[in-house]
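# Residue-level structural notes
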Amino acid sequence: MRHIKKIKLSAFLDGEVSPEERAEIVEHLKFCPFCRREAEELSRVSDFLGFVEDVEVSPYFFVRLKQRITREKSKAVIRLPFKKWARRYHFERIVFPLGVTACLFFSCLIGSYLGKTIYTTRMEIEVEVSDEFADVLSMEIFDSHPEGSLSSAYNNLLLGEENE
Amino acid sequence: MKNSYNSGVPDIKIIKKVALGDGNAFEQLVKKYEHSVFNTIYRYIGDSDEACDIAQEVFIKVWRHAKSFKGKSKFTTWLHRIVVNQCLSYRSKRKLRIVSLDETMEKGKIPESLKVEIEFEGKRKAEIVRKAIDELPGRQRIALILSKFDNKSYAEIAQIMGVSLSSVESLIFRAKENLKKRFLPMREKDEI
């Protein structure tokens, strides 16, 4: 006698065979203790599965779900305009770190250039100011004082001392 | 599909409203299928907190992609396809710490924490069966869960999982065979 394939027996027990196959298997099982034992074994597995009962869902399931959707929606508002683009170019993993690095590099470059320019300008201004200051404080300023004035006397005194 | 909330309104009508952003319709849909979705995931994952998170992700996907449901298949098939994808991707993303059945069944066999929880013989057996299901390969497990707990036909399971009918037949048969091998020594020791 040819036995029924186990896979067919399994489908038979799940009610997943055609009426013809079903009739054939039922008939076979009447006379084949081997296949009957196989069928019983498989059927017992299904019985064991019956031990696992349903678990009740938390009564707050929908409330939490709603909160999560609201939370994700608010995040999505910020991300939405470039979401697809971000996904395509692996924004978080590649573009963002590259962008930050580039920003830092250019910041250093601009900072260095600006620092140099500001320093040069400041130095030029300082030289100009010091020249003007020297002009203002130089002794030539006393040359044109009127005769007999205190400044002229002081000037003569100094020049006289120098001449001597 | 078992549900605790059945308004009598066809799913296709509800999902169309959901696609238009109707929050009440969405609530109706969630209430109708939360039990079934949660239990399918729970049986697959084996952890109620994780199952709750994944069930939420499933419904978020339903909310976001309601527009893409064209009604070519039954809504429950579409919903279960999302469930299966979430379960399978969860499994691949995260290696679960599974307490093996042998570990569980060795001397002192049920962990202390479990001993407290397991008050009745039925619960002890349920835990053993659940762990045995946990140890099945992912696709066998999901096919078995859909067939035995969600009462899906092989044809529906094939549609949900995107495989052929014979593959479903084979997956379920192999799952049963694996469980049979698992249960046999326990039955001899009268543990189950």
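Predicted model only: the values in this text are computed from it and were never measured.

Right, let's get into the overall build of chain B. Counting its regular elements, chain B contains ten helices and zero strands. For chain B, the N- to C-terminal ordering of α and β elements is α-α-α-α-α-α-α-α-α-α. By element, 49% of the accessible surface of chain B is carried by carbon and sulfur atoms, the whole surface being about 9,300 Å².

A word on the interface of chain B and chain A. In this assembly, 43 residues from chain B lie in contact with 30 residues from chain A. Summing both sides of the interface, chain B and chain A together bury roughly 3,600 Å²; the carbon and sulfur share of this comes to 65%. Of all residues in chain B, the largest losses of buried area upon contact with chain A belong to Gln56, Phe173 and Lys176 of chain B, amounting jointly to 16% of the total for that side. Linking chain B with chain A are seven salt bridges, by the criterion used here. A salt bridge links Lys176 of chain B to Asp14 of chain A, with the nearest nitrogen and oxygen atoms 3.0 Å apart. Summed over the shared surface of chain B and chain A, the number is 15 residue pairs in polar contact (both at pLDDT 80 or more). Among the secondary structure elements, those contributing two or more residues to the side of chain B that touches chain A are helix H2 (23–45), helix H3 (48–65), helix H7 (121–134), helix H8 (138–148) and helix H10 (165–188) of chain B. A per-element tally of the side of chain B that touches chain A places H10 of chain B first, with eleven residues. Broken down by class, the residue content of the side of chain B that touches chain A amounts to 21 nonpolar, six polar and 16 charged.

Take the packing of aromatic side chains next. The final tally for this structure, using the stated rule, is eleven aromatic pairs over all chains. Relative to Phe51 of chain A, the ring of Phe48 of chain A lies with its centre 6.0 Å away and its plane at 25 degrees, an arrangement referred to as stacked. The class for Phe48 of chain A is buried, based on a relative accessible area of 8%. According to the relative accessible area criterion, Phe51 of chain A is partly exposed, its value standing at 27%. Ring plane angle 75 degrees and centroid distance 5.9 Å describe the contact between Phe61 of chain A and Phe59 of chain B, whose orientation is recorded as edge-to-face. Here the residue Phe61 of chain A occupies a position in helix H4 (residues 61–79), and Phe59 of chain B occupies one in helix H3, the pair thus bridging two chains. Chaining the aromatic ring pairs together yields one cluster made of Tyr33, Phe69, Phe75 and Trp78 of chain B. Just above the ring of Tyr44 of chain B sits the side chain of Arg141 of chain B; from NZ or CZ to the centre is 4.2 Å.

Bringing the confidence of the model for chain B into the picture now. Residues and elements named next belong to chain B. Summing up the model confidence of chain B, the mean pLDDT is 83 and the portion of residues at 70 or higher is 80%. Here residues 96–101 scores under 50 on pLDDT; set against residues more than four positions off or in separate chains, the count is 17 contacts. Interface confidence for the predicted complex, given as ipTM, is 0.75, next to a pTM of 0.65.

Relative orientation of the contacting elements helix H1 (residues 6–13) of chain A and H10 of chain B amounts to 95 degrees, with a least axis distance of 9 Å. As the angle between them shows, H1 of chain A and H10 of chain B are arranged roughly perpendicular. Counted together, Lys6, Ile7, Lys8, Ser10 and Ala11 of chain A of H1 of chain A and Glu169, Ser170, Ile172, Phe173, Lys176, Glu177 and Lys180 of chain B of H10 of chain B form the full contact between these two elements.

Residue position: Ala126 of chain B is located in helix H7. In this structure, Ala126 of chain B is in contact with Phe51 and Val52 of chain A, ignoring residues within four places of it in sequence.

Here we take up helix H2 (residues 19–31) of chain A. Residues and elements named next belong to chain A. Under the 1.5 Å per step criterion, the end-to-end length of H2 is 19 Å for 13 residues, consistent within 8% with the ideal 18 Å. Taken residue by residue, H2 has Ile25, His28 and Leu29 as its buried positions. For H2, the angular spread of buried residues about the axis comes to 100 degrees, placing them on one side. When the buried face of H2 is taken as reference, the exposed residues oriented beyond 90 degrees from it are Pro19, Glu20, Lys30 and Phe31. Packed against the buried residues of H2 are H1 and helix H3 (33–49).

How each quantity is defined
Residues numbered from 1 in each chain as written. Chains lettered and ligands numbered in written order. Predicted model: local features only at pLDDT ≥ 70, side-chain atom pairs only at ≥ 80, totals over all residues. Heavy atoms only, no water. Helix = DSSP H or I, 4+ residues; strand = E, 2+ residues; numbered from the N terminus. Areas by Shrake-Rupley, 256 points an atom, 1.4 Å probe, with all protein chains shown as cover. Contact = heavy atoms within 4.5 Å. Buried area = accessible area lost by both parts, 1.4 Å probe. Salt bridge = Lys/Arg side-chain N within 4 Å of Asp/Glu carboxyl O. Polar contact = N/O pair within 3.5 Å; in protein donor to acceptor, adjacent residues only side chain to side chain. Nonpolar A, V, L, I, M, F, W, Y, C, P; charged D, E, K, R; others polar. Phe/Tyr/Trp six-rings, centres within 6.5 Å; stacked < 30°, edge-to-face > 60°. Buried < 20%, exposed > 50% of the residue type's maximum accessible area, 1.4 Å probe, protein only. Lys NZ or Arg CZ within 6 Å of the ring centre and 35° of its normal. pLDDT = per-residue confidence, 0-100. Axes fitted to C-alpha atoms, helices over the stretch in contact; angles between N-to-C directions. Parallel < 35°, antiparallel > 145°, perpendicular 65-115°, else oblique. Expected span 1.5 Å × (residues − 1). Arc of directions from axis to C-beta.

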